[in-house]
There are 2 protein chains.
Amino acid sequence: MSIQAAIKALKSTFGDQVSTNASVLDAHGQSETYFPVTPPDAVVFPKSTADVSDIVKICATNDCPIIAYGTGTSLEGHQLAIRGGINLDMSRMNTVLAIHAEDMDVVVQPGVTRIQLNEELRATGLFFPVDPGANASLGGMAATRASGTTAVRYGTMRDNVMALEIVMADGRIIRTGTRARKSSAGYDLTKLFVGSEGTLGIITEITLRLQGQPESVSAATCSFPDFESAVNTVITTVQMGIPIARIEFIDEMMARGFNLHFKSKLPELPHLFVEFHGSEQGVKDQAETFGDIVADMGGSDFNWSSKPEDRAALWKMRHNAYYGMKALASPKWKALTTDVCVPVSNLAKAVKLARAESDRLGLTMSMVGHAGDGNFHATINFDPEDAAQTSLVHEFTHDLNKMALSLDGTVTGEHGIGLGKMKYMASEHGDALQIMVDIKKALDPQNIMNPGKMLPSN
Amino acid sequence: MSIQAAIKALKSTFGDQVSTNASVLDAHGQSETYFPVTPPDAVVFPKSTADVSDIVKICATNDCPIIAYGTGTSLEGHQLAIRGGINLDMSRMNTVLAIHAEDMDVVVQPGVTRIQLNEELRATGLFFPVDPGANASLGGMAATRASGTTAVRYGTMRDNVMALEIVMADGRIIRTGTRARKSSAGYDLTKLFVGSEGTLGIITEITLRLQGQPESVSAATCSFPDFESAVNTVITTVQMGIPIARIEFIDEMMARGFNLHFKSKLPELPHLFVEFHGSEQGVKDQAETFGDIVADMGGSDFNWSSKPEDRAALWKMRHNAYYGMKALASPKWKALTTDVCVPVSNLAKAVKLARAESDRLGLTMSMVGHAGDGNFHATINFDPEDAAQTSLVHEFTHDLNKMALSLDGTVTGEHGIGLGKMKYMASEHGDALQIMVDIKKALDPQNIMNPGKMLPSN
């Protein structure tokens, strides 16, 4: 078998950097969501770009699938070896290679996690702002075009990756982009590889933009009588140019989940959780203007906090919405989280339609979202042993994806395609899908780079 | 000849939308720089995406080169029909198709110019911020990944194009991206086409991000004893998170040019020209903090202006740096403008090396730049009839490009590759150049889309 031949050759070159230990394989076959456990045939732990290049060459010779593996926090099964082959576990390539404080950029290996990076940056007065919640690896975040709560202010990985080093499907090592802030020199390969989910090459080095740590930070929660008022508050805030750092919405069901799990005392109404970054005076001004907008829109129940511990508790609660949601159902039930994104003007409509659909299907569903971007997640509780209910959950997510497309949106704002969303690629992209397929064929003609993911033809 | 067959077929389908009038051809063969006049064989004026698709199909059948043409303001010869064929003049596709004020986006045809767009947006309270100086078409700006003075705050076309409609080399019409603020659904084709200089397809529709018109704007000029102090001011300003809208540098030679041409009274020293956007209080705070930094760095000669007419005069002077520079030499002489971009920490070094090189070659050279991005332009006066001097000018620009690359930079921050910078593509991109070539071959196998540009193999 060609995969076994590849593993034999890998073991002979890389020795104990290659594992076929059952528990290691099993750990790499897990996912944080509903996909069945799918262990690879081997896990290889490269220590350098040269290692990655040599590993890829061996796999290319033997037609062996290669799937990069960061921290395994994907919600769409990106890292699963569904056609066998090897997981390339990047955890030993976890060095911050260079901090350029004057240029506000940093060069990292792909196994560096975002929390590790921010710890290493602490003394510089700089930070890396993209925050998907999970302590993901920066390679994984780049590969899935991740974002999160701070994208409204600082952008997504699309906006924050300046340059990459990539090992191509034949082992060639290329560099895309430079440390210059902008360039008009040729095709933007950096942006092509960001979000390519390991299907075009392996990311071995990343240059990231950094931000200055804000002098002052304050956060707040407020509630609204209905969802439209919350969304109108978001629209006005963004239109007025208030450089809000986070503006998250929480629906009434999730407020209940938070109260149950975190013992918070939120009114069971739609909420916005917000954060301001800036100078002391700037934050004060932003907060005042925002407060005026909230009042105009009929919001109430203000809770401001400038204490770091209160803010940490607030965002911990938000980042753990999944557990809040789980608190609403039996501990044996599972929760499935979806991800769609629409223009902000369609957000209230999308949330209403999602609620109506969930009610129609008799599901327990809550929503949270990055309101400034029009990106939201619906989480549905279900009993995985109840086949009929599980099928209703899939009916709901299917309807939600179709609805997002009908509202000028996308089936994924930040979780990526992976396995879970492949069936919507044709509806979302139409004839542009074939262009993606053409690019994939041109750059990975053997289809050894994460085969079976993202592109239905792959 | 296949080109003649194409023109015959185009005339039979499109009638007077096809011109072979000598003066029309000659006008389209001009460039704003040193390239010889290069008229196309015909100019076609499409009125719709369907027209573009049909035109491309006819050209594909006849192997006829197609070069999109906006306003002809390229500085690197992008629009010149160096292998014959047709210019696709987009000036009749100049409709603003939809303004989505709540979502702060707009959908335009490619022939809309940036000034036209901002006039149509005036009543909405929104504006489109990217400002390359010239009143370029938005299609041309997208195709060359243009930027300009405001990129430090609002980004370049890379950051501001959300979605595109493209006619591919076989006439297929595709759409990339959506109006959602972000997406992780597949390869980022939008970013691949932005900056592709018409070599992969023809842009027929563009969705752009907009910004809220700032409540308050103020501008200022200040001078510095040396270039390092000016650059350190820029670095500190950006690191402190001051959301400066423009921060331009002017060298001592350009200050002299401005004084000669515009009758200004600038000290003949390095300058920064800056602009602040925000709330009234916000602009005041930004300006005060910036003033403190300037003082700390040894700057002086402050001139603040919040009057619109003074600001307009200031930026008119900056945008017409070319004429300031021309004032330094005989009216018969020409001026050549280059474009490189380096990490900001290398900007002072780059400017010093450029000055030393120009002095060594005995040239009259001045520099202006988008300091916040590390992007600068050197303009050299020369007598086009003096072959020896002209050759020294090319020696200078060659050395400048090499120097930018040696300082972790790029040979073009915003003007693009076109004809002028093709010879540096291999030095800048190394093995990544072949990936660009592979993509070009996959998407335009006949090489009819702007052949002879950007990629040396093209």
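Residues numbered from 1 in each chain as written. Chains lettered and ligands numbered in written order. Predicted model: local features only at pLDDT ≥ 70, side-chain atom pairs only at ≥ 80, totals over all residues.

**Student:** Teacher, can you tell me more about the packing of helix α9 (residues 227-239) of chain A against helix α14 (residues 347-361) of chain A here?
**Tutor:** The relative placement of two packed helices comes down to the angle between their axes together with the axis-to-axis distance. Residues and elements named next belong to chain A. Where α9 meets α14, the closest approach of the two axes is 9 Å, and the angle between their N-to-C directions is 150°. The angle between α9 and α14 places the two elements in the roughly antiparallel class. Helix-helix and strand crossings are classified by hand; for α9 and α14 the assignment is right-handed. For the pair α9 and α14, contact is made by Phe227, Glu228 and Val231 and by Leu347, Ala348, Val351 and Lys352, respectively. Residue classes in the contact of α9 with α14 are distributed as 5 nonpolar, no polar and 2 charged. (Axes fitted to C-alpha atoms, helices over the stretch in contact; angles between N-to-C directions. Helix = DSSP H or I, 4+ residues; strand = E, 2+ residues; numbered from the N terminus. Parallel < 35°, antiparallel > 145°, perpendicular 65-115°, else oblique. Left-handed = near helix turned anticlockwise from the far one by under 90°. Contact = placed C-beta atoms within 7 Å. Nonpolar A, V, L, I, M, F, W, Y, C, P; charged D, E, K, R; others polar.)

**Student:** When you look at the domain arrangement of chain A in this model, what are you seeing that I'm missing?
**Tutor:** Frequently, the measure chosen for interface size is the accessible area that the parts lose on association. Residues and elements named next belong to chain A. With domains assigned, chain A is organised as domain 1 (2-91), domain 2 (93-212), domain 3 (216-406) and domain 4 (421-458). Using C-alpha coordinates to define each centre, domain 1 is positioned 21 Å away from domain 4. With 11 residues of domain 1 at the interface, the matching set in domain 4 holds 8 residues. Of all elements in the fold, only α3 (49-61) and β3 (66-69) reach the threshold of two or more residues within the side of domain 1 that touches domain 4. Residues belonging to the side of domain 1 that touches domain 4 are distributed by class as follows: 7 nonpolar, 1 polar and 3 charged. (Domains from an automatic or database assignment.)

**Student:** Hey, could you run me through the packing of α9(A) against helix α11 (residues 280-296) of chain A in this one?
**Tutor:** All names here are of chain A. Look at α9 against α11: their axes get within 9 Å of each other, and the N-to-C directions meet at 145°. The chirality of how α9 crosses α11 is right-handed. Within the contact between the two elements, α9 uses Thr233, Thr236 and Thr237 and α11 uses Phe290, Ile293 and Val294. Here the contact of α9 with α11 is built from residues that sort into 3 nonpolar, 3 polar and no charged.

**Student:** Explain the interface of chain B and chain A to me, please; I cannot follow it from the model alone.
**Tutor:** Each partner contributes residues to the interface: chain B has 77 residues there, and chain A has 77 residues. The element best represented in the side of chain B that touches chain A is helix α17 (residues 432-443) of chain B, accounting for 8 residues. Each residue belonging to the side of chain B that touches chain A can be placed in one class, and the counts come to 28 nonpolar, 28 polar and 21 charged.

**Student:** Looking at this structure, I do not really get unusual backbone geometry. What am I missing?
**Tutor:** Most peptide bonds take the trans configuration, and most residues that are not glycine carry a negative phi. Phi angles above zero are rare outside glycine, and Asp63(A) is one such case at about 55°. Relative to the helices and strands, Asp63(A) resides in the loop between α3 and β3. The phi angle at Arg145(B) is positive, at roughly 55°, despite the residue not being glycine. Inspection of the secondary structure assignment puts Arg145(B) in the loop between α5 (138-143) and α6 (151-154). What makes Arg145(B) buried here is the crowd of 28 C-beta atoms within 10 Å. (Buried ≥ 20, exposed ≤ 12 C-beta atoms within 10 Å, placed from the backbone.)

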